[in-house]
Amino acid sequence: MKPMIQTKTWMILFAALLALLIAAALLVSHRGTGKIANVYQDGVCIRSIDLSAVTEAYSFTVTDGKGHENLIEVAPGQIRVAEANCPDHVCVHTGWISDGLRPIVCLPARLSIQLEDTAQSETEGLDAVIG
Amino acid sequence: MKRFFLLVTVLCFLLAGCGFDAPSTVSGTSTEIVEEPSDTASVPESAQHQGELPASQPFDVRLFAMDTYMELRAYGDGAEDALQAVSSMLTELDQLLSVTDEGSEIYALNHGEGQPAAVSEQTYELIEDALALSRNLADALDMTIYPVSRAWGFTTGSYQIPSDSQLQALLPFVDDTQVVLNERDGTVRIPPSAELDLAAVAKGYAGDRAAEMMKQAGVRSALLNLGSSTIRTVGVKPDGSQWRIAIQDPQDSSGLAGVVTMGEGAMDTSGGYERFFTGADGETYWHILDPKTGYPAKHGLISVTVLSETSFLGDGLSTALFVMGLEEAVRYWRANGGFEFILIADDGSLYLSEGAAERFSPIGNYENAKMTVIKP
Ligand SMILES: [Zn+2]
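Nothing here was measured: the structure is a model prediction, and the numbers come from that model. (Residues numbered from 1 in each chain as written. Chains lettered and ligands numbered in written order. Predicted model: local features only at pLDDT ≥ 70, side-chain atom pairs only at ≥ 80, totals over all residues. Heavy atoms only, no water.)

## So, the overall build of chain B
A count of helices and strands for chain B gives 11 helices and 18 strands. A separation of at least 24 residues holds for 58% of the contacts in chain B among residues at least 6 apart in sequence. (Helix = DSSP H or I, 4+ residues; strand = E, 2+ residues; numbered from the N terminus. Contact = heavy atoms within 4.5 Å.)

## A closer look at the overall build of chain A
Check the secondary structure of chain A and you find 2 helices and 8 strands. Sequence-ordered secondary structure for chain A, helices as α and strands as β, is α-β-β-β-β-β-α-β-β-β. Residues counted as buried form 44% of the 131 residues belonging to chain A. In chain A, 31% of the contacts between residues at least 6 apart in sequence involve partners at least 24 apart. In the form shown here, chain A has an accessible surface area of approximately 6,800 Å², with 59% of it arising from carbon and sulfur atoms. (Buried < 20%, exposed > 50% of the residue type's maximum accessible area, 1.4 Å probe, protein only. Areas by Shrake-Rupley, 256 points an atom, 1.4 Å probe, with all protein chains shown as cover.)

## Section: the sheet that holds strand E4 (residues 69-75) of chain A
Residue and element names in this part refer to chain A. Reading across from one edge, E3-E4-E5 is the order of the 3 strands in this open sheet, with antiparallel pairing throughout. Both edges of this open sheet fall to strand E3 (58-63) and strand E5 (78-84), since each of them pairs with a single strand only. The sheet shows a mean angle of 30° between the axes of neighbouring strands, direction not considered. Pairing of E3 with E4 involves 6 bridges; the strand directions are antiparallel. When the sheet's bridge partners are listed, phenylalanine 60 is paired in E4 with isoleucine 72. (Pairing = 2+ DSSP bridges. Axes fitted to C-alpha atoms, helices over the stretch in contact; angles between N-to-C directions.)

## Observations regarding the pattern of salt bridges
Residues and elements named next belong to chain B. Taken as a whole and judged by the stated rule, the model has 10 salt bridges over all chains. Here arginine 73 and aspartate 60 are joined by a salt bridge, their closest N and O atoms 2.8 Å apart. Within this pair, whereas arginine 73 is found in strand E3 (residues 68-75), its partner aspartate 60 is found in strand E2 (residues 58-65), the two being separated by 13 residues in sequence. Neither residue differs from the other here; arginine 73 and aspartate 60 are each classed as buried. Each of Asp60, Arg62 and Arg73 takes part in one network of salt bridges that share partners. (Salt bridge = Lys/Arg side-chain N within 4 Å of Asp/Glu carboxyl O.)

## Quick word on the coordination of the zinc ion
Residues and elements named next belong to chain A. Looking at the zinc ion, the protein donor atoms are Cys86 (SG), Cys91 (SG) and Cys106 (SG), and they sit 2.2 to 2.3 Å from it. In the primary sequence, the donor residues of the zinc ion line up as C-x4-C-x14-C. For cysteine 86, a relative accessible area of 3% corresponds to the buried category. (Donors = N, O, S within 2.8 Å, 3.2 Å for Na, K, Ca; no water.)

## Here we look at the sheet that holds strand E9 (residues 243-248) of chain B
If you trace the 4 strands from one edge of the open sheet to the other, you get E8(A)-E9(B)-E10(B)-E17(B), paired in mixed fashion. Each edge of the open sheet is held by one strand with a lone partner, namely strand E8 (128-130) of chain A together with strand E17 (360-362) of chain B. Within the sheet, the average angular offset between the axes of one strand and its neighbour, ignoring direction, is 30°. Bridge count between E8(A) and E9(B): 3 bridges; the pairing is parallel. Within the sheet, the bridge partner assigned to A:Ala128 lies in E9(B) and is B:Ile245.

## Considering unusual backbone geometry
Residues and elements named next belong to chain A. The backbone phi angle of aspartate 42 is positive, close to 55°, even though this residue is not glycine. Mapped onto the secondary structure, aspartate 42 falls in the loop between strand E1 (36-41) and strand E2 (44-50). Residue classification places aspartate 42 among the partly exposed residues on the basis of a relative accessible area of 23%. With phi around 50°, arginine 110 is a residue other than glycine that occupies positive phi space. With respect to the helices and strands, the residue arginine 110 is situated in the loop between strand E6 (104-106) and strand E7 (111-115). Judged by relative accessible area, arginine 110 falls into the partly exposed class, the value being 31%.

## Structural notes on the packing of aromatic side chains
Residue and element names in this part refer to chain B. One pass over the structure, following the stated rule, counts 14 aromatic pairs over all chains. For the ring pair tryptophan 152 and phenylalanine 154, a centre distance of 6.2 Å and an interplane angle of 25° mean the geometry is stacked. Tryptophan 152 sits in the buried class, given a relative accessible area of 0%. A residue is classified by how much of its surface remains accessible, and phenylalanine 154, at 4% relative accessible area, is buried. Residues tryptophan 152 and tyrosine 295 carry aromatic rings whose centres are separated by 5.7 Å and whose planes lie at 75° to one another, so their mutual orientation is edge-to-face. Taken as a pair, tryptophan 152 in the loop between helix H6 (146-151) and helix H7 (164-170) and tyrosine 295 in the loop between strand E13 (284-286) and strand E14 (301-308) lie far apart in primary sequence, 143 residues in all. Linked through ring pairs, Trp152, Phe154, Tyr159, Phe277, Tyr285 and Tyr295 together constitute an aromatic cluster. (Phe/Tyr/Trp six-rings, centres within 6.5 Å; stacked < 30°, edge-to-face > 60°.)

## Notes on the nonpolar core
Residues B:Leu90, B:Leu196, B:Leu198, B:Met214, B:Ile245 and B:Leu321 are the most contacted members of the largest nonpolar core, which totals 92 residues. For this core, the element with the highest residue contribution is helix H3 (residues 79-97) of chain B, accounting for 8 residues. Setting aside residues up to four positions removed in sequence, B:Ile245 forms contacts with A:Asp127, A:Ala128, A:Ile130, B:Leu223, B:Ile231, B:Gly258, B:Val259, B:Val260, B:Met262 and B:Met267. Core analysis: the next-biggest nonpolar cluster, separate from the first, contains 21 residues, A:Ile72, A:Val74, A:Ala109 and A:Leu111 among them. (Core = buried A, V, L, I, M, F, W, Y, C linked by side-chain atoms within 4.5 Å.)

## Observations regarding the packing of H3(B) against helix H8 (residues 199-216) of chain B
Residues and elements named next belong to chain B. The N-to-C vectors of H3 and H8 enclose an angle of 150°; their axes lie 10 Å apart at closest approach. On the basis of their axis angle, the class for H3 and H8 is roughly antiparallel. Remark: the crossing between H3 and H8 carries right-handed chirality. Mapping the contact onto sequence places Ala82, Leu83, Ala85, Val86, Met89, Leu90, Leu93 and Leu97 in H3 and Ala202, Tyr205, Ala206, Arg209, Ala210, Met213 and Met214 in H8. (Parallel < 35°, antiparallel > 145°, perpendicular 65-115°, else oblique. Left-handed = near helix turned anticlockwise from the far one by under 90°.)

## Points about the pairing of E3(B)
Residues and elements named next belong to chain B. Extensive coverage of E3 is indicated by the burial of 8 of its 8 residues. On E3, burial covers both faces: Thr68, Met70, Leu72 and Ala74 on one face and Tyr69, Glu71, Arg73 and Tyr75 on the other are all buried. Across 8 bridges, E2 lies against E3 in antiparallel orientation. Among the inter-strand pairings, arginine 62 is bridged to a residue of E3, identified as glutamate 71. What sits between E2 and E3 in their antiparallel hairpin is a turn of 2 residues, with methionine 66 showing a positive phi close to 55°. Relative to strand E7 (residues 221-225), E3 runs antiparallel, the two sharing 5 bridges. Looking at the pairing, leucine 72 lines up with leucine 224 of E7.

Structure below.
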């Protein structure tokens, strides 16, 4: 009998179990909310927003230091570029997005907004949209 | 406790999304590789305990290149490194082929005042292939349409309707049969006032090269979205099922027209709705120009999707079939084959080649659309 080792083993097991429980709780809550919008500048994420936690609409401006400005509006469950000073306004015309299939892209500002594909059923198990 | 930390580390990766904290950049490129968050069910416990991500874990790269936004996703061993290599390749290719970048090979050719200039072997071969395809497609595709496109503002986004005399003055230089390739010294000659632009096939070519690199790196499953109208796949999905790609509803930017299932290959779409403007006259003017007239190609089609083995072919063909219109497109397909198509006409009806019909199911507004299957 080696009680010390046994205690240590139990402690590790307990810690692992605790970690698993925390992990499970976090993952469940993460999946439950599950609508994360990521804002990328030149492919690099600059902001993550949990759209399902948004209760009141708000907006913020993203600038790139080269004169491009995009006013991003966040509302419960959805996100859009409300105003931009790019010449083509493709980002504004895309309108609100609420699923992970189609990103909002502003080519001149090298800005993209994309929802993490969480609930596959929402988008009928699609891998991409072409158009 | 080691296990505990490993587990926490794995969970941090899974939960981070792309991070509420400071962004991390991959040195040397403007891309970021992000471990996608995943359902608990798809993460085997053993993998968690080893502190490793399971083989089906996707890796994503997003980048701006070739005047478009690309999203590359790959699965399994070697995926992360392969994506890194591919994004470097795409950035380099962009620098070689850009029409506007003063350091590009194409820029040098276009500003060579009619003198032959040497280009890299890779660019030479691409020009050769592009011109061969263009020749095969006769008047429906021309690699020297760029000055006309610029007159409309489609190259900058500052749209305008050029005068008819302006277009008539540019049209004589839209003729890629005048580009001279010299195999002996590897030079290319662009006539003065003409400008070569490989945009019609560049993304497709990039897709094929990316797919090749992925396969050489041992990646067996990847979905390469080279700017929303060119998709190139490697293998099938990690679970062995086919990819499911939806075609956008050309009349409703938030809607879908149908779903195509595919294994390894290419899918390319061209539509007037991708880039257009409404003129002061109330008319819609889109970016797909008819090389014969210099005006937007309006020949009854609003969306053309091509399924083919290579995205080089699909990229060029989707534009060309759009310019041709229904009857000529079908005639071309019957004479040449080698691809499948899904055409949406401006009255909302669908025309599919037999092979495409087997893989297509209409959805949304197109669920009850008139569908005509065309036999070879
Ligand atoms: Zn924009």
